[in-house]
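Chain by chain, the residues run as shown.
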Amino acid sequence: VTVARSDTGTVRAVVVIRTSPPGFHAPYALAVVATEGRPSLRRIDSPLSDHPKPGDRVTLIGSDVALPIPSGKP
Amino acid sequence: MKTKSGRELVIAGSAMTRFGRHPESGPVELAVQAAREAISASGVGPEDVDAVYLGTFLGQSLHAQGVLASIVARRLGLRPVPTTVVEGACASGGIALRHGVLACRSGSAETVLCVGVEHLSGFSTETVTGGLAEGFEFDGDRQLGLTFPGFFALVASEHEAKFGTSREELAAVTVKNRAHAEGSPTAMFSQPVSAEEVVTSRPIADPLRLLDCSPISDGAAAVVVTTVENAAGARERPVRILACEQASGATAISQITDLTSFEATTVAARRAFAAAAVEPADIDVVELHDCFSIAEIVDCEDLGLLPRGEAAAAIAEGATASAGSGTVVNPSGGLLSRGHPVGATGLAQINELVRQIRGVAHRQVEGADLALAQNLGGTGATATVTILAA
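Here we summarise the structure given alongside this text. If you're wondering where the values come from, they're calculated on a predicted model, not measured in any experiment.

### Brief notes about the overall build of chain B
Here is step 1: Counting its regular elements, chain B contains 12 helices and 12 strands.
Here is step 2: Computed over C-alpha atoms, the radius of gyration of chain B comes to 19 Å, within 12% of the 21 Å expected from 2.2 N^0.38 for 390 residues, which places it in the range of a compact globule.
Here is step 3: Residues classed as buried in chain B amount to 63% of the 390 residues present.
Here is step 4: A separation threshold of at least 6 residues defines the contact pool for chain B, and within that pool the share at least 24 residues apart is 78%.
Here is step 5: Counting only carbon and sulfur atoms, one obtains 48% of the accessible surface of chain B, whose full area is about 13,200 Å².
Here is step 6: Treating the 28 positive side-chain charges of chain B as one cloud and the 44 negative ones as another, the clouds have centres 7 Å apart.

As structure tokens, this is what we get:
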């Protein structure tokens, strides 16, 4: 997937859902991501053991997904 | 608060069922039980009730049963009075009370029965989790699989990032509320727990654990609102209603710029304090919406009971405990201990405060003359704040 440099955001809050509603398979991680001050809820596309923390930068894919940016990358 | 003709409004009678699991009853039976007891205690008869407001969140979607307020009114033998179901997620009970108060203030009714009820224990956790998620907007958060434990875990995550709120401070809320509920005859959980038990309980939505979460419950609560003159025959002294306010707020994550505060609570509280002409520091006892441990911390800050960003530490140090010197918060044990039959919670809070002001509560706060209830719905989509006085 190719994304523009501007499609990034900052994680404000993160949760690992372990008890899910019908149609979902826990565990999965969701995060509130701020992009230019605007918050949105995103599904985190990374292993639970390595999901981002508040303050981390993420790349945004589509309207629902966030991909952690490894530390040290711009 | 007074009617148009200048007569003072009071809660003449209140009652609640035990909260917990009631496999032998459905929502109608529970609502009728609480309502019948509230009317009996109020000094007015069923023939005097002019209107019914019934709060429930999932009464229709899970039980496939509409017109609950009319069914309850018929079972109680009321006249063919107006009956209305109100829904505001977890604040449904508080909203039912507000509508009752408004009806009395407007002069369209003199005596109103307000009932709240929910019956959830007959359904799987997955089904109830999905049902409660109706409190999210369908397009967006709900489609991504956000749950209410998940939403409040996000609140805890941001509170930690912003104010340094620790895992141990979250646990202190549950420990305090369970201690308050110890031995309570109406609480679902009346045994104390340790901080270690909280932090090692099963993870539900990180960082929240099982004992950070209010339980799935059945139950009902009811109050009778009328004028002080009509309440002359009440079994116990009527309790004055100084304010009963409501406000709305965000219905989706994308609308929330600050997860550590609920606008609906702050606005409703501001209006309630103004209407009652009192300040947060004047309040003796509070029942607030601790659906999750983090919610009590945020609620204390939103209500102005404790400074913003300092509530978690203050609660952990005992500032709101029954043995402390400040305003006592959730002497009933709150939702975390009493249980959370969603539509009933707002009126169970009122029932507890009525008992506090009358001096007959299980965990009695000495000198409780001025009391506040806060009932929160959804993602802060709605909230009510009610102030009562001796």
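Having seen the model, we can carry on.
### Brief notes about helix α5 (residues 148-163) of chain B
Residue and element names in this part refer to chain B.
Here is step 1: For α5, which comprises 16 residues, the first-to-last C-alpha distance of 22 Å matches the rise-based estimate of 22 Å (1.5 Å per residue) to within 8%.
Here is step 2: Here α5 lies mainly inside the structure; 12 of its 16 residues are buried.
Here is step 3: Taken together, the buried positions of α5 are occupied by Phe-148, Pro-149, Gly-150, Phe-151, Phe-152, Ala-153, Leu-154, Val-155, Ala-156, Ser-157, Glu-158 and His-159.
Here is step 4: Its side-chain oxygen at 2.9 Å from the backbone nitrogen of Gly-150, Thr-147 defines the N-terminal cap of α5.
Here is step 5: Once α5 finishes, Gly-164 follows within two positions and takes phi at roughly 80°, a positive value.

### Some points on the interface of chain A and chain B
By a widely used convention, the size of an interface equals the accessible area lost when the partners come together.
Here is step 1: Counting from both sides, the interface comprises 23 residues of chain A and, opposite them, 28 residues of chain B.
Here is step 2: Buried surface at the junction of chain A and chain B, both sides included, amounts to about 2,100 Å², of which 63% is carbon and sulfur.
Here is step 3: Summed over the three residues of chain A that lose the most area to chain B, namely Arg12(A), Thr19(A) and Leu41(A), the buried surface amounts to 28% of that side.
Here is step 4: Of the charged contacts, one joins Asp206(B) and Arg18(A) as a salt bridge, the two residues approaching to 2.8 Å between their closest N and O atoms.
Here is step 5: Where chain A meets chain B, there are 9 residue pairs in polar contact (both at pLDDT 80 or more).
Here is step 6: The set of elements that each furnish at least two residues to the side of chain A that touches chain B consists of β1 (8-17), β2 (28-35) and β3 (38-44) of chain A.

### Here's the deal with the side chain of Thr384(B)
Here is step 1: As for its placement among the helices and strands, Thr384(B) is situated in strand β12 (residues 382-389).
Here is step 2: In this structure, Thr384(B) is in contact with Gly94(B), Ile95(B), Glu245(B), Gln246(B), Ala373(B), Gln374(B) and Asn375(B), ignoring residues within four places of it in sequence.

### A word on the nonpolar core
All names here are of chain B.
Here is step 1: In terms of nonpolar packing, the biggest core is built from 68 residues, with Phe-151, Phe-152, Leu-154, Leu-259, Ile-294 and Ile-387 touching the most fellow members.
Here is step 2: Setting aside its immediate chain neighbours within four residues, Ile-387 contacts Arg-240, Ile-241, Leu-242, Ala-243, Ala-272, Phe-273, Ala-276, Val-278, Ile-283, Leu-370, Ala-371 and Leu-372.
Here is step 3: Listed in part, the 38 residues of the second largest apolar core include Val-223, Ala-348, Ala-371 and Ala-373.

### What about the packing of helix α3 (residues 92-106) of chain B against helix α12 (residues 345-358) of chain B?
Residue and element names in this part refer to chain B.
Here is step 1: It is at 5 Å that the axes of α3 and α12 come closest, and there the two elements cross at 70°. In terms of orientation, α3 and α12 fall into the roughly perpendicular class. On α12, the residues that touch Gly-93, Gly-94 and Leu-97 of α3 are Gly-346, Leu-347 and Ile-350.
Here is step 2: In terms of residue class, the contact of α3 with α12 is built from 3 nonpolar, 3 polar and no charged.

### Examining the sheet that holds strand β7 (residues 218-227) of chain B
All names here are of chain B.
Here is step 1: The sheet built from 10 strands is open, its strands ordered β3-β2-β4-β7-β1-β8-β12-β11-β9-β10 with mixed pairing. If you trace the sheet from one side to the other, it starts and ends with β3 (83-86) and β10 (328-329), each paired once.
Here is step 2: Where strand β8 (residues 239-248) lies against β12, 8 bridges are found, and the strand directions are antiparallel. Each residue of the ladder has a partner; that of Glu-245, found in β12, is Val-385.
Here is step 3: Lying on the sheet, helix α8 (residues 263-276) is in contact with β8, β11 (370-377) and β12; it crosses β8 at an angle near 145°.

### Focus: the environment of Pro192(B)
Residues and elements named next belong to chain B.
Here is step 1: In this structure, Pro-192 sits in the loop between α6 (167-181) and α7 (195-199).
Here is step 2: Taking the C-alpha atoms as reference, Pro-192 lies 33 Å from Ile-39; in sequence the two are 153 residues apart.
Here is step 3: Apart from residues no more than four positions distant in its own chain, Pro-192 is found in contact with Arg-178 and Glu-182.

Reading guide: rules and limits
Residues numbered from 1 in each chain as written. Chains lettered and ligands numbered in written order. Predicted model: local features only at pLDDT ≥ 70, side-chain atom pairs only at ≥ 80, totals over all residues. Heavy atoms only, no water. Helix = DSSP H or I, 4+ residues; strand = E, 2+ residues; numbered from the N terminus. Rg over C-alpha atoms; globule rule 2.2 N^0.38 Å. Buried < 20%, exposed > 50% of the residue type's maximum accessible area, 1.4 Å probe, protein only. Contact = heavy atoms within 4.5 Å. Areas by Shrake-Rupley, 256 points an atom, 1.4 Å probe, with all protein chains shown as cover. Lys, Arg positive; Asp, Glu negative; His and termini not counted. Charge placed at Lys NZ, Arg CZ, Asp CG, Glu CD. Expected span 1.5 Å × (residues − 1). Polar contact = N/O pair within 3.5 Å; in protein donor to acceptor, adjacent residues only side chain to side chain. Buried area = accessible area lost by both parts, 1.4 Å probe. Salt bridge = Lys/Arg side-chain N within 4 Å of Asp/Glu carboxyl O. Core = buried A, V, L, I, M, F, W, Y, C linked by side-chain atoms within 4.5 Å. Axes fitted to C-alpha atoms, helices over the stretch in contact; angles between N-to-C directions. Parallel < 35°, antiparallel > 145°, perpendicular 65-115°, else oblique. Nonpolar A, V, L, I, M, F, W, Y, C, P; charged D, E, K, R; others polar. Pairing = 2+ DSSP bridges.

Take it as geometry only, folks, not as evidence of what the structure does.
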